[in-house]
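Structure at a glance
Below are the chains, spelled out letter by letter.
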Amino acid sequence: MAARRAIHRLSRRPDLMILESYLKLPVVYSCGPGEKSAVKSQRPLSTAKRPVNLDLSSIQFPLPALVSISHRVSGIMLFIGLIFLMWALQVSLSSPAGFDTVRDAMAHGFFARVVLWGLLSALGFHFVAGVRHLVMDMGHGETLEGGQRGAQLTIIISALLVVLAGVWVW
Amino acid sequence: MVINILNPGRNGVADWMIQRASAVILGLYTIFMVAYMMFHPDLDYAAWSGLFSHLWMKVFTLLALLSIAAHAWVGLWIVATDYIKPAAIRFGALLFVILALFVFVVWGVQVIWGV
């Protein structure tokens, strides 16, 4: 009976309910041999009355999740930015006049400098977050605290690089 | 079930390895380029095209270009399979990405071997 009550308590956990409503499926909680699943007789979710957590301010991404998403966003930015880098490579290597075109754009053009700063920032962050991946692949910082610490370090170092890139461009 | 037909490595382990190997090459290329720019604040065309006239620089740049293609392919495949649910749109987006990366590689080869 105690196990039964524990399963029942588990099935009332609000976080699991959010998971259930996200999956649009009842989550089958594990139970010991001989025990019946606590949710076996449950009706489909669409008709079930469940508390829904709509207080979005109480849901927060952990820092490592934000770093992970930023890694993806910066990667997409770099892919889009490739067209500018390829243009700069081609024109700067085409002729002395072409080289001056690129150099003047980077020295005076507002749009070119914003794009350059944005790309350097994305590159800086992507680089640092990527190094963090490699460090974690080697088995360092894989604990919960290590993951937090690594995410904090990634943000601090890349913020520094973003500022330095801005100083360099302007 | 996700049927993997547009990822470069055909399986997760190969993709993982491609991503790391290309990342190391791109990291080295990035460090080299940033250091070069820092040590040459008054860069001119002669020095710049002189750098790219070396065979090792052409090979290094080609390696970086191929790494960009592989790295972006793996990365954008992961992102696309995570966020784009309709198969047709995902397939189209990935085809576009692969085609764009192919164009960048050909374009880059043309540029660096034209110096």
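Residues numbered from 1 in each chain as written. Chains lettered and ligands numbered in written order. Predicted model: local features only at pLDDT ≥ 70, side-chain atom pairs only at ≥ 80, totals over all residues. Heavy atoms only, no water.

Taken together, the contact pairs 32 residues of chain B with 23 residues of chain A. Buried surface at the junction of chain B and chain A, summed over both partners, amounts to about 2400 Å²; 80% is from carbon and sulfur atoms. Considering only the side of chain B, the residues that lose the most area to chain A are B:Tyr45, B:Phe104 and B:Trp107, jointly responsible for 26% of the buried surface there. At the boundary of chain B with chain A, the tally comes to 2 salt bridges. (Contact = heavy atoms within 4.5 Å. Buried area = accessible area lost by both parts, 1.4 Å probe. Salt bridge = Lys/Arg side-chain N within 4 Å of Asp/Glu carboxyl O.)

The next point concerns the UniProt feature "transmembrane region" (unreviewed entry) in chain B. Residue and element names in this part refer to chain B. On the UniProt side, "transmembrane region" (unreviewed entry) is annotated at positions that read residues 21–39, 59–79 and 91–113 here. Annotated as residues 21–39, this span is 100% helix and 0% strand, and its ends, taken at the C-alpha atoms, are 27 Å apart. Secondary structure content for residues 91–113 is 96% helix and 0% strand, and the end C-alpha separation is 33 Å. (UniProt positions renumbered as here; feature names shortened; annotations may be inferred. Helix = DSSP H or I, 4+ residues; strand = E, 2+ residues; numbered from the N terminus.)

Further remarks concern the UniProt feature "transmembrane region" (unreviewed entry) in chain A. Residue and element names in this part refer to chain A. Cross-referencing UniProt, the feature "transmembrane region" (unreviewed entry) maps to residues 73–90, 110–129 and 150–169 in the present numbering. Annotation note: span residues 110–129, helix share 100%, strand share 0%, distance between end C-alpha atoms 28 Å. Within residues 150–169, the helical portion is 100% and the strand portion 0%, while the C-alpha atoms at the span's ends are 28 Å from each other.

Tallied over the full model, the rule gives 10 aromatic pairs over all chains. Seen in terms of ring centroids, A:Phe84 and A:Phe111 are 6.2 Å apart; in terms of plane orientation they differ by 65 degrees. Their pairing is edge-to-face. With a gap of 27 residues between them, A:Phe84 in helix 3 (residues 63–94) and A:Phe111 in helix 5 (residues 110–137) connect regions that are remote in the sequence. Using a relative accessible area of 36% as the deciding quantity, one classes A:Phe84 as partly exposed. You can call A:Phe111 exposed: its relative accessible area is 59%. Among the aromatic residues, ring-to-ring pairing joins B:Tyr29, B:Phe32, B:Tyr36, B:Trp48, B:Phe52, B:Trp56 and B:Phe60 into one connected group. (Phe/Tyr/Trp six-rings, centres within 6.5 Å; stacked < 30°, edge-to-face > 60°. Buried < 20%, exposed > 50% of the residue type's maximum accessible area, 1.4 Å probe, protein only.)

Looking now at unusual backbone geometry. If you check the backbone angles, B:Arg10 has positive phi at about 70 degrees while not being a glycine. Tracing the sequence through the fold places B:Arg10 in the segment before helix 1 (12–39).

On to the environment of B:Arg20. Mapped onto the elements of the fold, B:Arg20 is located in helix 1. Residue B:Arg20 is classed as buried on the basis of its relative accessible area of 15%. Each C-alpha atom, one on B:Arg20 and one on B:Ser67, is 10.0 Å from the other, the two residues being 47 residues apart in sequence. In this structure B:Arg20 touches A:His133, A:Leu134 and A:Asp137, once residues within four positions along its chain are discounted.

Think of an α-helix as 3.6 residues a turn; residues three or four steps apart then line up on the same face. Over its 28 residues, helix 1 of chain B runs 40 Å from end to end, which matches the ideal 40 Å to within 8%, given 1.5 Å per residue. For helix 1 of chain B, the full list of buried residues reads B:Asp15, B:Gln19, B:Arg20, B:Ser22, B:Leu26, B:Gly27, B:Tyr29, B:Thr30, B:Met33 and B:Tyr36. Those residues of helix 1 of chain B hidden inside the fold are in contact with helix 5 of chain A together with helix 2 (45–53) and helix 3 (55–83) of chain B. Capping of helix 1 of chain B at its N-terminal end is provided by B:Asn11; its side-chain oxygen lies 3.0 Å from the backbone amide nitrogen of B:Val13. (Expected span 1.5 Å × (residues − 1). Polar contact = N/O pair within 3.5 Å; in protein donor to acceptor, adjacent residues only side chain to side chain.)

A separate point is the UniProt feature "binding site: heme" (unreviewed entry) in chain B. The sites that carry the UniProt feature "binding site: heme" (unreviewed entry) are, in the present numbering, B:His71. Looking at B:His71, its side chain comes within polar contact range of the side chain of B:Ser22, at 3.0 Å.

Tallied over the full model, the rule gives 3 salt bridges over all chains. In this structure, A:Asp100 and A:Arg103 form a salt bridge, with 3.5 Å as the shortest nitrogen-oxygen distance. Placement of both A:Asp100 and A:Arg103 in helix 4 (residues 96–108) is noted, with a separation of 3 residues, approximately one turn of the helix. Assessed through its relative accessible area of 32%, A:Asp100 is described here as partly exposed. For A:Arg103, a relative accessible area of 41% corresponds to the partly exposed category. A salt bridge links B:Arg20 to A:Asp137, with the nearest nitrogen and oxygen atoms 2.6 Å apart. Of this pair, B:Arg20 sits in helix 1 while A:Asp137 sits in helix 5, which puts the two residues in different chains. Residue A:Asp137 is classed as partly exposed on the basis of its relative accessible area of 35%.

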